[in-house]
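A closer look at the structure
Residues per chain, in single letters:
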Amino acid sequence: MKKKVLSIIPAAAMVLMLLTGCSGIARVETPYTEAGKSYNLVYQCSTGTGGNPYKFAEALSDTIEKTSGGRINMDTLATDSVVSTADMLDAVGNGTLDCIHIAAVNFADDAVSALSSLPAGMSYQDYMGWYFAGEGQKILDEVMAEIAPNVVAIPCGGLDTEILFCSKTPIKSLDDIKGLKIRGVSDWANIETLLGASVVSMAGSECYEAISRGTIDAFEYSGPYTNWSAGFHEVAPCITVPGIHAPCCTYLLIINKDVWNGLDEQAQNIIKTSCQAMCTQTYIDDFYSNAEAWKKLEELEANGQCTISYMSEEDLETIREVASEYYAEKCESNPLFAKIYNSQMEYLEQTRGWREAVG
């Protein structure tokens, strides 16, 4: 994973030097000298104020505001400030919101969740290659034209790998999940069901209470940093990795098309370049904060307060095989998903030789 993080950096290093500080997410203060029209955009993110997704949504708006010299203002609103997360895509399409920060896994149509993440799917480095060097942006434009025609979508950041399971008792193998009540969402919920779990659908915000009361036996939610911030180690001290169900998550800035067309060319370029810079900065920040939180979990394990289990390569390969069969069936019944999935698989095949060469 460290090699992947380092290999992402050069591609956007110049952008980051222009738009961000050398560390953290400090932004340059130098404004554009040309006077231009100012824009105040109503901007909501898909999460509450805790955790990295909100922090990164705020960092994006901060970067856009400062690199535009204050011409573009978009104060970050937490989810439910104007509409619920489930209603955000419709709201930006009809103009209730000007723009949103969201992952496709939050869309009502799970056919398009692969625009952001796919169980046993592409790494974050592959997503960035697909979007910026392959045909990912073209596919994104085509898909959004079908599901939300009055918007413009731009990749704007990403999250590191999640923890596979948080539970009260250790989950060391796929045999251990059979019959367990596990919180799951979207494609992963269907794959877990095929693997023998009894999947429970619930919001991530309900996981703490649900496992405390025994409503569920295990759940997946996010990476070490966000999970630690939520206090999950207090009620679910058994952790299973790696997070093959969520190798990464790519976020999107989605803007109402009328609003976008009303921006001048410089403002549009500021937004697009800021989004590209954040694609590097946010992933690196998330990886680092996860590494720091992971140290805390390892300390708990050393003190007998936590158990960390690792799925075997044999079990991981079983998950990949079950996922592949599931996706093949989904492609047959869902042309929209097939458009995304087949494009991603073609990208992986095109880059396979070099990926294997560098390990």
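Structural data are supplied above this passage.
A brief look at the structure comes next. (Residues numbered from 1 in each chain as written. Predicted model: local features only at pLDDT ≥ 70, side-chain atom pairs only at ≥ 80, totals over all residues. Heavy atoms only, no water.)

1. A short note on the sheet that holds strand β8 (residues 181-183)
Rules: The pairing criterion is simple: DSSP has to find at least two bridges between the two strands. Only DSSP runs of H or I with at least four residues qualify as helices, and only runs of E with at least two residues qualify as strands; both kinds are numbered from the N terminus onward. Residue contacts are counted whenever heavy atoms from the two residues lie within 4.5 Å of one another. Each axis is a line fitted through C-alpha atoms, and for a helix only the stretch in contact is used; angles between axes span 0 to 180 degrees, taken between their N-to-C directions.
Pairing within the open sheet is mixed, and its six strands lie in the order β9-β8-β10-β7-β11-β13. The sheet is open, and its two edges are formed by β9 (198-200) and β13 (307-310), each paired on a single side. Lying on the sheet, helix α6 (residues 186-194) is in contact with β7 (165-167), β8 and β9; it crosses β9 at an angle near 160°. Contacts from helix α11 (residues 265-302) reach β11 (238-241) and β13, with the element oriented near 110° to β13.

2. Regarding the pattern of salt bridges
Here is the rule: Definition used for salt bridges: Asp or Glu carboxyl oxygen within 4 Å of a side-chain nitrogen of Lys or Arg. Burial classification: accessible surface area is computed with a 1.4 Å probe over protein chains only, and a residue below 20% of its type maximum counts as buried, one above 50% as exposed, and the rest as partly exposed.
Within the structure shown, the criterion is met by 14 salt bridges. Across the salt bridge formed by E292 and K295, the nearest N and O atoms sit 3.3 Å from each other. You can see E292 and its partner K295 sitting in helix α11, three residues apart, about one turn around the helix. The partly exposed category is assigned to K295, whose relative accessible area is 45%.

3. Looking at the nonpolar core
Inclusion rule: Here, nonpolar core means buried Ala, Val, Leu, Ile, Met, Phe, Trp, Tyr and Cys residues that are tied together by side-chain atoms lying within 4.5 Å of each other.
Counting 61 residues, the largest nonpolar core has L115, W130, M144 and I254 as its most contacted members. When residues no more than four places from it in sequence are discounted, the contact partners of M144 are L89, F107, P149, V151, A153 and I254. In terms of nonpolar packing, the next biggest core, distinct from the first, is built from 30 residues, A78, A267, I270 and M278 among them.

4. Some remarks on the packing of aromatic side chains
Stated formally: Stacked, edge-to-face and tilted labels apply to pairs of Phe, Tyr and Trp rings (six-membered ring for Trp) whose centres lie within 6.5 Å, assigned for plane angles under 30 degrees, over 60, and everything in between, in that order.
Enumeration over the complete set of coordinates arrives at ten aromatic pairs. Measuring from ring centre to ring centre gives 5.1 Å for Y327 and Y341, while their planes differ by 45°; the resulting arrangement is tilted. Of this pair, Y327 sits in helix α12 (residues 313-333) while Y341 sits in helix α13 (residues 335-358), placing them 14 residues apart in sequence. Put simply, the rings of Y326, Y327, F337 and Y341 touch in pairs and so form one group of aromatic residues.

5. Quick look at the environment of K272
By secondary structure assignment, the location of K272 is in helix α11. For the pair K272 and E317, spaced 45 residues apart in sequence, the C-alpha to C-alpha distance is 38 Å. If sequence neighbours within four positions are ignored, K272 has contacts with I154 and W260.

6. A look at the pairing of strand β6 (residues 151-159)
Burial of β6 is extensive: nine of the nine residues sit out of reach of the surface. Alignment of β6 against strand β12 (residues 249-256), held across eight bridges, turns out to be antiparallel. Counted as the bridge partner of V152 is I255 from β12.

7. A look at the sheet that holds strand β2 (residues 43-45)
Strand order in the open sheet formed by five strands is β4-β2-β5-β12-β6, with mixed pairing between adjacent strands. Each edge of the open sheet is held by one strand with a lone partner, namely β4 (76-77) and β6. Together, β6 and β12 form the strand contacts of helix α5 (residues 136-147), whose direction differs from that of β6 by roughly 130°.

8. With respect to α13
Spelled out, the test is: To estimate the expected span of a helix, count its residues, drop one, and scale the result by 1.5 Å. Bend, at a single residue, is the angle you get between axes fitted to the 7 residues ending at that residue and the 7 residues starting at it.
Taking 1.5 Å per residue, 24 residues should reach 34 Å; α13 reaches 34 Å between its end C-alpha atoms and fits that length. The sharpest bend along α13 measures roughly 55° and falls at R352. Where α13 is concerned, the buried positions are L336, F337, A338, I340, Y341, S343, Q344, Y347 and L348. The secondary structure elements touched by the buried residues of α13 are α4 (124-132), α5, α6 and α12. Looking one or two places after α13, you find G359, whose phi comes out positive at around 80°.

9. Re the environment of S68
Test applied: Polar contact criterion, stated in full: a pair of N or O atoms within 3.5 Å, where within protein one must be able to donate a hydrogen and the other to accept it, and residues adjacent in sequence count only if both atoms are side-chain atoms.
By secondary structure assignment, the location of S68 is in the loop between α2 (52-67) and β3 (72-73). Overall, S68 belongs to the buried group, its relative accessible area being 2%. Along the backbone, S68 and A267 are 199 residues apart, and their C-alpha atoms lie at a distance of 7.2 Å. Within polar-contact distance, the side chain of S68 engages the backbone oxygen of I64 at 2.9 Å.

10. Here we look at the packing of α2 against α11
Stated precisely, the cut-off is as follows: For any helix crossing, the convention is left-handed if the near helix is rotated counterclockwise from the far helix by under a right angle, and right-handed if that rotation is clockwise. Classification used: nonpolar for Ala, Val, Leu, Ile, Met, Phe, Trp, Tyr, Cys and Pro, charged for Asp, Glu, Lys and Arg, polar for all others including Gly.
Two numbers describe how α2 lies on α11: the axes approach to 9 Å, and their chain directions differ by 145°. As α2 runs across α11, the sense of the crossing is right-handed. Two secondary-structure elements touch here, α2 through N52, F56, A59, L60, T63, I64 and T67 and α11 through I270, I271, S274, C275, M278, T282, D285, D286 and S289. Looking at the contact of α2 with α11, its residues break down into eight nonpolar, six polar and two charged.

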